[in-house]
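The residues making up each chain are set out below.
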Amino acid sequence: MKKWFAVIGDPIEHSKSPFMHNTWFQEMGIDAAYIPIHVKRENLREAVAALKLLGASGWNVTIPHKEEIIQFLDELDPMAEKMGAVNTVVRQEDGTLKGYNTDGAGFVHALEEAVGKHKENKVLIIGAGGAGRGIAFALKEYGYKQVDIANRTVSKAESIIQELGSGTALSLEEAEKQLSQYGIVIQATSLGLSTGESGLPISLDGLQKEVIAADIVYNPLMTPFLLEAEKRGAKIVTGLGMFVHQGAIAFKHWLGQYPDTEEMMKRLMEQLK
């Protein structure tokens, strides 16, 4: 029986996940398909039930469902449980649903692939949603000891910092004032997404030259945040690497094989440019 997979989110039309996974299926000779499904927040429960009923082998979860979906799953991978966010669901042999978070590991893999390991650098994550949360826990897991989080609602950042057991929660205004202290600045909100709101999460006036500036948004490839950071002499890390590596880790959870990420990066780079 042909397997099928999906990505659910709101919005969803910007996603390159169907292209990426369907290309991997074709290249690896796997009889499977992957489709995008637009799911509004209020319809999430029904969407999960429908995916299960219709026999989906697994699916990816994107904005804004990464935290909400947890209540509809049967089991969580320990790291996803710690992060409090899920971006990959696996239908297990007994039909139960297990949630994983591949965002964080995908981000760290992409960061270190692009600029090397800089674990001594002080890190600022802007955004305390599911992606920011996942990245914070993954950075700590991989040995980055100084991780601070800035968010419009400071209490959300404080909650993550408490669970991490280290770091500082900042308002966006405080982050702007203290920006010169950071060697790695990560834009982890949906700002700049091709289908959403443009602009910068904070002013980058205090950004130091040679700082590593990373964005989780990959479509467009160069977001307003990255364009502004590049003007100020920062080393740029686009969201494409994170996107490809988180997808490859999800692929392995579903099918037990790790696909070719290097060739996929080239293909998507051509498309997005």
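Look up a bit, the structure's there.
In what follows, the accompanying structure is described.

Where helix H6 (residues 154-164) is concerned, the buried positions are Ala157, Ile160, Ile161 and Leu164. Here the buried residues of H6 occupy an arc of 100° about the axis, which is enough to place them on one side. Packed against the buried residues of H6 are helix H5 (130-141), strand E8 (147-150) and strand E9 (169-170). Of the residues one or two after H6, Gly165 is the one with positive phi, at around 85°.

In total, this model carries 9 salt bridges according to the counting rule given. Across the pair Arg133 and Glu163 runs a salt bridge, and its minimum N-O distance is 2.6 Å. Of this pair, Arg133 sits in helix H5 while Glu163 sits in helix H6, placing them 30 residues apart in sequence. Relative accessible area serves as the criterion here: at 42%, Glu163 is assigned to the partly exposed category. One salt bridge in this structure joins Arg232 and Glu228, with 3.0 Å as the shortest N-O distance.

Cut-off values and rules
Residues numbered from 1 in each chain as written. Predicted model: local features only at pLDDT ≥ 70, side-chain atom pairs only at ≥ 80, totals over all residues. Heavy atoms only, no water. Buried < 20%, exposed > 50% of the residue type's maximum accessible area, 1.4 Å probe, protein only. Helix = DSSP H or I, 4+ residues; strand = E, 2+ residues; numbered from the N terminus. Arc of directions from axis to C-beta. Contact = heavy atoms within 4.5 Å. Salt bridge = Lys/Arg side-chain N within 4 Å of Asp/Glu carboxyl O.

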